[in-house]
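Close look at the chain arrangement
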Amino acid sequence: MTQGAPRTPGRRTVLGAAGAAAFGVSAALAAGAGTAQAAGTGRPHGPGDGHGRGYRSLPVPTVIAHRGASGYRPEHTLGSYRHALDLGAHVIEQDLVPTKDGHLVCRHENDITGTTDVADHPEFASRRTTKSVDGVSYTGWFTEDFTLAELKTLRAKERIPGTRQENTLYDGRWTVPTFEEVLRWADEEGRRRGREIWLHVETKHPSYFRSIGLGLEERLARLLRRHGRHRADSPVFLQSFEPSSIQRLAKLVDSPLVVLLSGASTRPWDFTEAGDPRTVADLVTPAGLRWIASYAQGIGPTLDLVVPKDATGRLGAPTTLVRDAHAQGLILHAYTHRNENAFLPADFRRGTDPAAYGDAFGALERYFATGIDGVFSDNPDTALLAAEDFRAR
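Note that this is a predicted model, so its numbers are computed, not measured.

1. Re the environment of Leu223
Mapping Leu223 onto the fold places it in helix α6 (residues 217–226). Note on Leu223: relative accessible area 10%, which makes it buried. A sequence separation of 119 residues divides Leu223 from Leu104, and the C-alpha atoms of the two residues are 9.5 Å apart. Setting aside residues no more than four positions away along its own chain, Leu223 makes contact with Leu104, Phe179, Glu180 and Leu183.

Written out as structure tokens, the structure is:
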């Protein structure tokens, strides 16, 4: 819905009805041993129950709450994370950036102009500045210019209020959480709910932060060890768009590692700085995936690398990425599913309102049919219903 327009009633009822449609696709890939082989992958299939140890125990397709339940609450807040758990998400995502005094906090970007009320604080007006981060110029306020105590005086708010007007109800309700607070919260929630709380943790702009003396990986590894999430069977994934960050983490902890992959023509920023000519297109070849598998356990590609869109924005034929990744023993967590028309492929949009919900279930059916192991979703309840239908077929 556009900002100011009334929300039609029963949006989840409508979604639930759409999700009841038969998927007609093959069984989901999973990691449990001793079961029949999934067609064309050479890997065993059948969903995990989430009660074992290690990432192979997670249900497949795994539903990862993207920045929490960010379709319903301001992203990267304890409220968004908690709501994602209440909706049933298997894994909760955090993005990490540092403060001036070296604390890791959960924000999608270090530019906090659009996700906090910092512009309403006259005492910080002089902190507004322009910076180049990974070759892109940004003007605003940045976490690395604030101490943690200063950052805690700010309140989180909805990043895209025009699309998600209802989320603005929660503006100002929560502060920016530190990752250590999230780890303590996850431990407490795990005890309360009687299960492991899985996290999917991204190092943001690691080369940039290392260049200004705020390296992320060592700080992250210390926190993981402190909370017992540094082992191969720990309930955490560590992810980054920069392969060198994942390689650095591989030397510090044994936690499962995931290399994120953006558009095929893009280059990871650490490759750009190092003069490495490879692009993402090179990394998704069998040779590139073999190289990733030498130090990581998974990849996190954009959904367009799994099922490309044509010139009209409609889904085309799947690539061989899922098959090729599985051949190297890599799991594949694709990003990002959202319910709104603006974010869906053209053939699954409904009506002309970019903020209205489209046929999210139809799109998820297509993506799950490729055999992806999991999906990042702003709307984890929708993705969970789609995954449940998928596993039932």
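Next comes the rest of the description.
2. Some remarks on the pairing of strand β8 (residues 257–261)
The side chains of a regular strand alternate, residue by residue, between the two faces of the sheet. The element β8 is largely enclosed, with a buried count of five among its five residues. Covered by surrounding structure in β8 are Leu257, Val259 and Leu261 together with Val258 and Leu260, the residues of both alternating faces. Two elements, strand β7 (residues 236–240) and β8, share three bridges in a ladder whose sense is parallel. Bridging across to β8, Gln239 finds its partner in Val258.

3. A word on unusual backbone geometry
Following Val60, the chain continues to Pro61 via a peptide bond in cis, the omega torsion being 0 degrees. Along the chain, Pro61 falls in the loop between α1 (11–19) and β1 (62–65). Cis geometry marks the peptide bond from Tyr335 to Thr336, where omega comes out at -10 degrees. Tracing the backbone shows Thr336 in strand β10 (residues 331–337). Phi at Arg67 is positive, roughly 60 degrees, even though this residue is not glycine. When you line up the elements, Arg67 lands in the loop between β1 and α2 (78–87). Even without a glycine there, the phi angle at His205 is positive, about 50 degrees. Mapped onto the elements of the fold, His205 is located in the loop between β6 (198–203) and α5 (206–211).

4. Points about α6
Along α6, the positions that sit buried rather than exposed are Glu217, Leu220, Ala221, Leu223 and Leu224. Burial along α6 is one-sided: seen end-on, the buried residues are contained in an arc of 165 degrees. Count one or two residues on from α6 and you reach Gly228, which has phi positive near 65 degrees.

5. Brief notes about the packing of aromatic side chains
The full count for this structure, using the stated rule, is ten aromatic pairs. Pairing Phe241 with Tyr335 gives two aromatic rings, centres 5.9 Å apart and planes at 85 degrees, and the pair type is edge-to-face. With Phe241 in the loop between β7 and α7 (243–250) and Tyr335 in strand β10, the pair connects residues that are 94 residues apart, well separated along the chain. Each residue in the set Tyr55, Trp198 and Phe237 is aromatic and connected to the rest through ring pairs, giving one cluster.

Parameters and conventions
- Residues numbered from 1 in each chain as written.
- Predicted model: local features only at pLDDT ≥ 70, side-chain atom pairs only at ≥ 80, totals over all residues.
- Heavy atoms only, no water.
- Helix = DSSP H or I, 4+ residues; strand = E, 2+ residues; numbered from the N terminus.
- Buried < 20%, exposed > 50% of the residue type's maximum accessible area, 1.4 Å probe, protein only.
- Contact = heavy atoms within 4.5 Å.
- Pairing = 2+ DSSP bridges.
- Arc of directions from axis to C-beta.
- Phe/Tyr/Trp six-rings, centres within 6.5 Å; stacked < 30°, edge-to-face > 60°.

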